[in-house]
Amino acid sequence: MSEIVRIGAGKRWTDIVVYGGVARWVEVAENTADDVRGQIGQVLRQLDETAAGLGVDRRSLLEVVIYLADLRDAPTLDELWDAWVVPGQAPIRACVGAALSGNLRIEVIAQAAVAGG
Amino acid sequence: MSEIVRIGAGKRWTDIVVYGGVARWVEVAENTADDVRGQIGQVLRQLDETAAGLGVDRRSLLEVVIYLADLRDAPTLDELWDAWVVPGQAPIRACVGAALSGNLRIEVIAQAAVAGG
Amino acid sequence: MSEIVRIGAGKRWTDIVVYGGVARWVEVAENTADDVRGQIGQVLRQLDETAAGLGVDRRSLLEVVIYLADLRDAPTLDELWDAWVVPGQAPIRACVGAALSGNLRIEVIAQAAVAGG
C-alpha cells in the first residue's frame, strides 16, 4: 500500500494529496477580485507553480476538470489554455458550467503523474 | 495489472469499485426526505460507514468532489464538514453547484486509499 | 514511476491518457446534431470503441461521471444505460446536470482499468 503524502494540510482540506504516483489538487484563483481572464491566467500560473513544487511541469498533467461559473467564458479559457498547454503533451480535459463559490469564475480539479506517494 | 474488486455490484452501477489501491464510490443520502442539513449529515456518516467497510476511516480519503443542488447551502456543508474532517488529514475537496436527481441536496464522489484492489 | 501514454494527443487536449493501469478520457457525441437520445447512444457506442482500442471492454470501466445539459433527460440516460451496462460488472456512476458546450446534451468522464501505462 502506498503512503498518502499531504502538502498544505489544512483544517478543511489538503492542498495537494499524493498517492500511488498521482498528485491531486483543486486550483482556484488566489485573487478572486480579478475578472475571468485574470482568474484563468492565475489558475494556469498556479498549476505551473504546483507542478514545479511536485518536481514536474504541465506536461505531467493527466486530467484537468474545469468548472466555469459562466460557460460563455469558454472561448477565453480556450484562448489562454491553448497558449499555455504543450501540444502533444496535454492532459484529458473536461469543461462544464457549474455554480462556484463567492466570486470564483473558474475552479479546476487537476491530477498529475509524480514520482512516489 | 490489478484486479477490479466490486462491492455492492448492482444492475445500474456498483456501489464501490476498488482498483490499484484506490476505492471509488458515490455517496448520496439514503433518506432523501431529509432537508439539506440532514442529508449532509447522512452523507458524512455514510462516508464513515463505507470507509469502515473498506478497513479504513475518513483519514484515508484522497479526494472528495461535492455537488450541491443549491450552492447557498455551502455554509451548512462547511459547518458540518469542519466538525467531521480530521484537521491535517483531510482530502482535497472541490464543491460546486449542479442540478441533482430527485430530492437530493448533495451528491459526493469520494476516493480513498485502501490496501489491495 | 509509470510512464504517461497518450492516445490521440492533440493541441488542446489528449483523447486518452493511460497511467498507472488506469485509462482516462472524456467522451462526447461526435455528431452533436443528434437529439439527446441519439447523443447518449453515440456516447455509449464510443465508450465501447474506446475500450476496445485499449484492449478491454465496458466491464473494465471503473468510474463514469455523467454531465447532462438537462437533468430531465436522466430517464432517457437510464433507459439506454441499463440496456448497455453489464449487471454486476458496472462502474461507479455519478450523474449531475451542468451547462455543456455548444449543442452537447451529455459529456462523460470515464476511467477504465487497463494493462500498463
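Structural data are supplied above this passage.
Described in the following lines is the structure provided in the data block. (Residues numbered from 1 in each chain as written. Chains lettered and ligands numbered in written order. Predicted model: local features only at pLDDT ≥ 70, side-chain atom pairs only at ≥ 80, totals over all residues.)

**As for the relation of the copies chain B and chain C**
Structural alignment of chain B on chain C gives an RMSD of 0.0 Å, achieved by rotating through 120° and translating 0.0 Å along the axis. Look at the turn and shift together and you get a three-fold axis relating the two. Every residue of chain B has its C-alpha some distance from the rotation axis, and the shortest such distance is that of Ala98 of chain B, at 3.3 Å. (Least-squares fit on C-alpha atoms with pLDDT ≥ 70 in both.)

**Notes on the sheet that holds strand E4 (residues 61–68) of chain C**
Residue and element names in this part refer to chain C. As summarised here, the arrangement of the 6 strands in space is E1-E2-E3-E6-E4-E5, forming an open sheet in which the pairing is mixed. On the outer flanks of this sheet lie strand E1 (5–9) and strand E5 (92–97), each paired with one strand and no other. The average angle at which neighbouring strand axes cross in this sheet is 10°, direction not considered. In the sheet, E4 pairs with strand E6 (residues 106–113) via 7 bridges, with the strands oriented antiparallel. Among the inter-strand pairings, Tyr67 is bridged to a residue of E6, identified as Glu107. Across the sheet, helix H1 (residues 36–53) is in contact with strand E2 (14–19), strand E3 (22–28) and E6; its angle to E6 comes to roughly 20°. (Pairing = 2+ DSSP bridges. Helix = DSSP H or I, 4+ residues; strand = E, 2+ residues; numbered from the N terminus. Axes fitted to C-alpha atoms, helices over the stretch in contact; angles between N-to-C directions. Contact = placed C-beta atoms within 7 Å.)

**Notes on the interface of chain B and chain A**
With 25 residues of chain B in contact, the opposing surface of chain A contributes 22 residues. Ranked by residue count, the leading element in the side of chain B that touches chain A is strand E5 (residues 92–97) of chain B, at 6 residues. Classifying every residue of the side of chain B that touches chain A by side-chain character gives 17 nonpolar, 5 polar and 3 charged. (Nonpolar A, V, L, I, M, F, W, Y, C, P; charged D, E, K, R; others polar.)

The analysis is restricted to geometry; functional conclusions fall outside its scope.
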